[in-house]
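# Chains, contacts and geometry: an overview
So you can see what is in the structure, the chains are spelled out below.
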Amino acid sequence: MSPMPPLFSLPEARTRFTKSTREALNNKSIKPLLNTFSQLPGSENEKKCTLDQAFRVVLEEEIINHSSCENVLAIISLAIGGVTEGICTASTPFVLLGDVLDCLPLDLCDTIFTFVEKNVATWKSNTFYSAGKNYLLRMCNDLLRRLSKSQNTVFCGRIQLFLARLFPLSEKSGLNLQSQFNLENVTVFNTNEQESTLGQKHTEDREEGMDVEEGEMGDDEAPTTCSIPIDYNLYRKFWSLQDYFRNPVQCYEKISWKTFLKYSEEVLAVFKSYKLDDTQASRKKMEELKAGGEHVYFAKFLTSEKLMDLQLSDSNFRRHILLQYLILFQYLKGQVKFKSSNYVLTDEQSLWIEDTTKSVYQLLSENPPDGERFSKMVEHILNTEENWNSWKNEGCPSFVKERTADAKPARVARKRTAPEDFLGKGSNKKILMGNEELTRLWNLCPDNMEACKSETREYMPTLEEFFEEAIEQADPENMVESEYKAVNNSNYGWRALRLLARRSPHFFQPTNQQFKSLPEYLENMVIKLAKELPPPSEEIKTGEDEDEEDNDALLKENESPDTRRDKPVTGEQIEVYANKLGEQWKVLAPYLEVRDSEIRQIECDSEDVKLRAKQLLVAWQDQEGIHATPENLISALNKSGLSELAESLAHDSEANS
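Residues numbered from 1 in each chain as written. Predicted model: local features only at pLDDT ≥ 70, side-chain atom pairs only at ≥ 80, totals over all residues. Heavy atoms only, no water.

### Notes on helix H5 (residues 92-103)
With twelve residues, H5 extends 17 Å from end C-alpha to end C-alpha; this agrees with the ideal 16 Å at 1.5 Å per step. Contact partners of the buried residues in H5: helix H3 (44-64), helix H4 (69-85), helix H6 (106-118), helix H7 (120-123) and helix H8 (129-146). (Helix = DSSP H or I, 4+ residues; strand = E, 2+ residues; numbered from the N terminus. Expected span 1.5 Å × (residues − 1). Contact = heavy atoms within 4.5 Å.)

### Examining a negative patch on the surface
On the surface, Glu464, Glu465, Glu468, Glu469, Glu472, Asp475 and Glu477 cluster together to form a negatively charged patch. The residue Glu468 is located in helix H21 (residues 463-474) in this model. Looking at Glu468, the relative accessible area reads 35%, which means it is partly exposed. (Patch = residues over 30% accessible without salt bridge, like charges linked within 9 Å, V, L, I, M, F, W, Y side chains within 5 Å. Areas by Shrake-Rupley, 256 points an atom, 1.4 Å probe, with all protein chains shown as cover. Salt bridge = Lys/Arg side-chain N within 4 Å of Asp/Glu carboxyl O. Lys, Arg positive; Asp, Glu negative; His and termini not counted. Charge placed at Lys NZ, Arg CZ, Asp CG, Glu CD. Buried < 20%, exposed > 50% of the residue type's maximum accessible area, 1.4 Å probe, protein only.)

### Structural notes on H8
With 18 residues, H8 ought to run about 26 Å at 1.5 Å a step, and its terminal C-alpha atoms sit 25 Å apart, in line with that. Among the residues of H8, those classed as buried are Gly132, Leu136, Met139, Cys140 and Leu143. Looking down the long axis of H8, one finds its buried residues gathered within 100° of arc, a one-sided arrangement. More than 90 degrees from the buried face of H8, the exposed residues found are Ser130 and Arg145. In this fold, the buried residues of H8 make contact with H5, H6, H7 and helix H9 (153-166). (Arc of directions from axis to C-beta.)

### Re the nonpolar core
One finds Phe55, Ile76, Ile112, Trp123 and Phe162 to be the most contacted residues of the largest nonpolar core, which totals 51 residues. Ranked by residue count, the leading element in this core is H4, at nine residues. Discounting chain neighbours no more than four positions away, the residues touching Phe55 are Thr21, Leu33, Ile75, Leu78, Ala79, Cys88, Thr92 and Leu96. In terms of nonpolar packing, the next biggest core, distinct from the first, is built from 43 residues, Trp239, Tyr263, Leu322 and Leu382 among them. (Core = buried A, V, L, I, M, F, W, Y, C linked by side-chain atoms within 4.5 Å.)

### What about the pattern of salt bridges?
If you walk through the whole model with that rule in mind, you get nine salt bridges. With a closest N to O distance of 2.9 Å, Arg56 and Asp99 form a salt bridge. Placement of Arg56 in helix H3 and of Asp99 in helix H5 is noted, with a sequence separation of 43 residues between them. The salt bridge partner of Asp110 is Arg158, with a shortest N-O separation of 2.5 Å. Of this pair, Asp110 sits in helix H6 while Arg158 sits in helix H9, and the two are 48 residues apart along the sequence. Among the residues examined, Arg158 registers a relative accessible area of 19% and is labelled buried. The network of salt bridges with shared partners includes Asp110, Glu117 and Arg158.

Read these as spatial facts, not as claims about activity.
The structure is reproduced here in structure tokens:
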């Protein structure tokens, strides 16, 4: 009885995998894990789950010990290698990333996320994508909840860009199909006129320096005097417009539309009357651009009353507001699938939006620097956005278009191959089957009927041949014990019954004898056959056999040399021909139609030229079959220019016959 295989032990496997993980971490190689995985007993799933636990245990220790991010990322890289090698589950790297980002502070999360960004090609591969896309989406959403949109603006943008690179465009989970708005983005400003510092206090604040942080405005960037005084009413109307930009649906209500119309006309009138000079506005910013200075963007508007005149003199600020108008107008005019049927513009509203859109583009083109170029770029982007709206309205169809049945090119009808294209040409009439190996097999015997009558196809032995051993064992003089007799072999018994059914008359004759087993029945049949069949030693040649032998000898004597040359070459002839061919074997090889690969193999197998010549002739014999005759060999020698050798072989062939 074979010993039982060792059983899987979870504690032992966890200990060994943990040790191997630390060793792999130190050596920066996955080989220790591969060795341990192959040595441990148990099923593949058991070992994979245990290795997953070992990775999490080692990662937990590194986090508790406040290890560097390099060690943490090295463990995750090992897990990625383990998935590629098939020794851990595909979700393991994503589980480890989730654990790390949940435990580390935001400044270290930035470093870890850089690793996630660099490996986006790995996450998109077939091995990882289906197993990890939900993990990555949940991980990114958790990070976004922890981050501040105003203080961690760049980090939030990187996460959004990563998700855009990870998921395909047709991934509906990342699309705003219902055209929902971020209603939480509320712009807070002073709504109490009593607390306002504008108006009568505005001049005093200007004289006191306006409490602007040092460095916000240089001496050479002082705003010019406004042609329209900035009071609380303008301040309130200006920032009230942000509520319409936040939720454009309000514009379909009559009262709200009138308010929006009134506020917009006043604000745009200020922009028209208070135009910026290209040399005066943003002079400091242009110097920063030339010096390679960094631009600072804020996610939220600063709504302090003291900054109102500074904001109106800022070209980037104006561009923000004017661009908001264009986006709002595009939504109001556009056809959105999920927009309510009540949200329809009147002719008056449509006309006002059309005129105001032209005014906004004009203001953008007049706004320095490069206003004309910026205006055209915005117009182009918004026109392109219409294509995306149409695509979402159609249900986000796939970008891969299937070829229609009508567009498929019609197949050209193949003509039936003419017989002369595949029947052999020349003296040997070799038939080409389209494949070298099939051609060789077919031409071993092109005549199908002759091949079927061949003696080599006779697979069924005679009764004398098959039962010769059993008859000898049945003779008491040979003293063969019963257990060693062939009739006791079940395989032998099965074949013996089939042969008896085909060739022995005794098989179907009724008998009164009853046999308890197959060996007993076969032993009885062997005794009957031994009485009927003559033993090999007593076979006597009859007169007919002698006559046949004489006739064969006579036929051989009367054979002509040409007839003998039509017979296939023998092994002795190949030995003689190879010795004479010698180093000229390579000249003959192309004319025997031997493949280049076989010629290269012959050269690699031996350095002896005679052995190479013999291998060439043997390969030719295997390839040609019954057509490998001395006559065809002599013909090939003449074609290759070895005429003297051809005459010598012809002379030897005649002399031997």
